[in-house]
Amino acid sequence: MKVTVFGIGYVGLVQAAILASVGHDVMCVDIDEQKIENLKNGIIPIYEPGLTPLVEETYKNGLLNFTTDAEKGVNHGSIQFIAVGTPPDEDGSADLKYVLAVAETIASHMSNEKIIIDKSTVPVGTADKVSAKIAEVLSARNQNIAFDVVSNPEFLKEGAAVSDCMKPDRIVVGTENEKSRNAMRELYAPFNRNHDRMIFMDVRSAELTKYAANCMLATKISFMNEMSNLAELLGADIEAVRHGIGSDSRIGYQFIYPGCGYGGSCFPKDVQALVRTANGIDYKPALLEAVESVNYAQKQKLFTNLNNHFKGDLAGKTVAVWGLSFKPQTDDMREASSIVLMKALWAAGAKVQAYDPEAMEECQRIFGDNDNLALVGTKESALKGADALVVCTEWSQFRAPDFELIEQSLSSKVIIDGRNLYDPQLLKERGFAYYAIGRGDSVKKVS
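Fair warning: this is a prediction, and the values are worked out from it, not measured in the lab.

Draft legend 1. Examining the packing of aromatic side chains more closely. Applying the stated rule across the entire model yields ten aromatic pairs. Note on Phe403 and Phe432: the rings are 6.4 Å apart at their centroids and 65° apart in plane angle, and the pair reads as edge-to-face. You can see Phe403 sitting in helix α17 (residues 403-409) and its partner Phe432 sitting in the loop between α18 (424-429) and β14 (433-435), a full 29 residues away along the chain. A relative accessible area of 9% places Phe403 in the buried class. The buried category is assigned to Phe432, whose relative accessible area is 0%. The ring of Phe155 carries the charged tip of Arg170 above its face, separated from the ring centre by 3.8 Å.

Laid out in structure tokens, this is it:
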């Protein structure tokens, strides 16, 4: 099938490469000329395991192409994906200007029937707005061309997006048009062979399904972080509690890891957007507001624990930071806990020595040249001369460190563990002041 994808960001590029890998003829359209040129030369704008060789292979065999020519893109595909960003507006609601701009572009150039697919995460009712925009432009052109707007939300996990796209848990499609249903079945047939993963529903239900899924996962995380705060005050160990409740099949072990707050491009934005949607229809989403509030507070814990340890005197201190991305296996720092920590440290007069396996360039892009930030080449280099170590991201290479080296490198034996990677008893025996998340007495300073 001939497919066009507008927006070559995280979602668009992964979806395009996967569709091309199974034989579809895919053209990617983006207004960023440098990005398009880089992609043609094998330079991928994001880090995602397995994506680079997939893009290179499909581009080489001619099934994946890149252009800035919107008219060419519209003429190419009978199926048009809209996968542009929907950044939060000032009030937290999703900004649809890029989505509607693409809709206008498609309508301005289309000369035959199209299926337009909303792949971007968009509020309920967006498909109606896209349809209205396309109808308006076609009317202005005095054209009567059939089209259907379909909701087909993505459910990709950063760090596992390629495998998620290749072997999806479900493929949600919002449309009541039988022709569109058949086209979507054909499009996704290569991913639907083992068992039927396609779930058809009306457009608005599909749009809400995406938000509901992300908000549910964010709720589990905030709930567990709330329990971790109780565990600290009650002298319990949240890791034992996690095993205790995770063994219940109704709860399960996924997304019940306590930590220093969720981040990324999805959960924070989508919770806020659904809250704003609810407010717009005079409904108070008390649970979602609490999820957001708990997460905000949780992101302050790393700095609070460190500041309390040094009795509010962080001026002149140097802090080693392990992990900058919001989660492992990505270079994405959007809404990352590391950003909250570093800004608080700088405000307190401290310096940061940071290392991350993938997010160093992204950190440099965000903060530029900063005299109080040293981005170093190894996790060991980050330790040299530092007064404390803070673990922000649970990269595998941080899980079993050389504690003797840490002890020798730090001027103070202090570890703030935002991901509960280490054994409190082991660190206590080594004489470290170890502050974890929700681990009862283990979060208190070891004398």
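Draft legend 2. Expanded view of the pairing of strand β1 (residues 2-6). Taken across its five residues, β1 has four buried, putting it largely inside the fold. Of the strand pairs in this sheet, β1 and strand β2 (residues 25-29) are connected by five bridges, and their pairing is parallel. When the sheet's bridge partners are listed, Phe6 is paired in β2 with Val29. Taken together, β1, helix α1 (residues 10-21) and β2 form a β-α-β motif whose crossover is right-handed. In this structure, β1 lies alongside strand β4 (residues 79-82), joined through four bridges in parallel fashion. Looking at the pairing, Phe6 lines up with Ile82 of β4.

Draft legend 3. Expanded view of helix α11 (residues 267-280). Its 14 residues give α11 an end-to-end C-alpha distance of 20 Å, which sits within 8% of 20 Å, the value for a rise of 1.5 Å per residue. The buried fraction of α11 is high, at ten of 14 residues. Within α11, burial applies to Phe267, Pro268, Lys269, Asp270, Val271, Gln272, Ala273, Leu274, Val275 and Ala278. At the exit of α11 stands Asp282, carrying a positive phi of roughly 60°.

Draft legend 4. Broad picture of the side chain of Thr219. Inspection of the secondary structure puts Thr219 in helix α9 (residues 203-234). Looking at Thr219, the relative accessible area reads 18%, which means it is buried. Setting aside its immediate chain neighbours within four residues, Thr219 contacts Leu287 and Val291.

Draft legend 5. The arrangement of the packing of helix α5 (residues 97-109) against helix α6 (residues 126-140) in detail. Between α5 and α6, the least distance of the axes is 8 Å, while the angle of their chain directions is 35°. Two packed elements cross with a definite hand, and for α5 against α6 that hand is right-handed. Contact with α5, carried on its side by Val99, Leu100, Ala103, Glu104, Ala107 and Ser108, involves Thr126, Lys129, Val130, Lys133, Ile134, Val137 and Leu138 of α6 and no other residues of that element. Of the residues belonging to the contact of α5 with α6, the class tally is eight nonpolar, two polar and three charged.

Draft legend 6. Inspection of the environment of Cys363 at higher detail. Tracing the sequence through the fold places Cys363 in helix α15 (residues 360-367). For the pair formed by Cys363 and Asp332, sequence separation is 31 residues and the distance between their alpha carbons is 9.3 Å.

Draft legend 7. Spatial organisation of the sheet that holds strand β9 (residues 318-322). Spatially, six strands are ordered β11-β10-β9-β12-β13-β14 in an open sheet, and the strand pairing comes out parallel. At either end of the open sheet lies a strand with only one pairing partner, and these are β11 (373-375) and β14. The average angle at which neighbouring strand axes cross in this sheet is 20°, direction not considered. As defined by bridge partners, β9 adjoins strand β10 (residues 351-355) across five bridges and the pair is classed as parallel. Following the sheet pairing, Val319 is matched in β10 by Val352. Sheet strands in contact with helix α13 (residues 301-309) are β9, β12 (388-391), β13 (414-417) and β14, and its direction is about 160° off that of β13. Across the sheet, helix α14 (residues 337-347) is in contact with β9, β10, β11 and β12; its angle to β10 comes to roughly 155°.

Draft legend 8. Up close: the packing of α9 against helix α12 (residues 286-298). Packing of α9 against α12 brings their axes to within 9 Å, and their N-to-C directions diverge by 55°. On the basis of their axis angle, the class for α9 and α12 is oblique. Here α9 runs over α12; the crossing is left-handed. Within the contact between the two elements, α9 uses Cys215, Ala218, Thr219, Ser222, Asn225, Glu226, Ser228 and Asn229 and α12 uses Leu287, Leu288, Val291, Val294, Asn295 and Gln298. Residue composition of the contact of α9 with α12, by class: six nonpolar, seven polar and one charged.

About the thresholds
- Residues numbered from 1 in each chain as written.
- Predicted model: local features only at pLDDT ≥ 70, side-chain atom pairs only at ≥ 80, totals over all residues.
- Heavy atoms only, no water.
- Phe/Tyr/Trp six-rings, centres within 6.5 Å; stacked < 30°, edge-to-face > 60°.
- Helix = DSSP H or I, 4+ residues; strand = E, 2+ residues; numbered from the N terminus.
- Buried < 20%, exposed > 50% of the residue type's maximum accessible area, 1.4 Å probe, protein only.
- Lys NZ or Arg CZ within 6 Å of the ring centre and 35° of its normal.
- Pairing = 2+ DSSP bridges.
- Right-handed = clockwise from strand over helix to strand, strands pointing away.
- Expected span 1.5 Å × (residues − 1).
- Contact = heavy atoms within 4.5 Å.
- Axes fitted to C-alpha atoms, helices over the stretch in contact; angles between N-to-C directions.
- Left-handed = near helix turned anticlockwise from the far one by under 90°.
- Nonpolar A, V, L, I, M, F, W, Y, C, P; charged D, E, K, R; others polar.
- Parallel < 35°, antiparallel > 145°, perpendicular 65-115°, else oblique.

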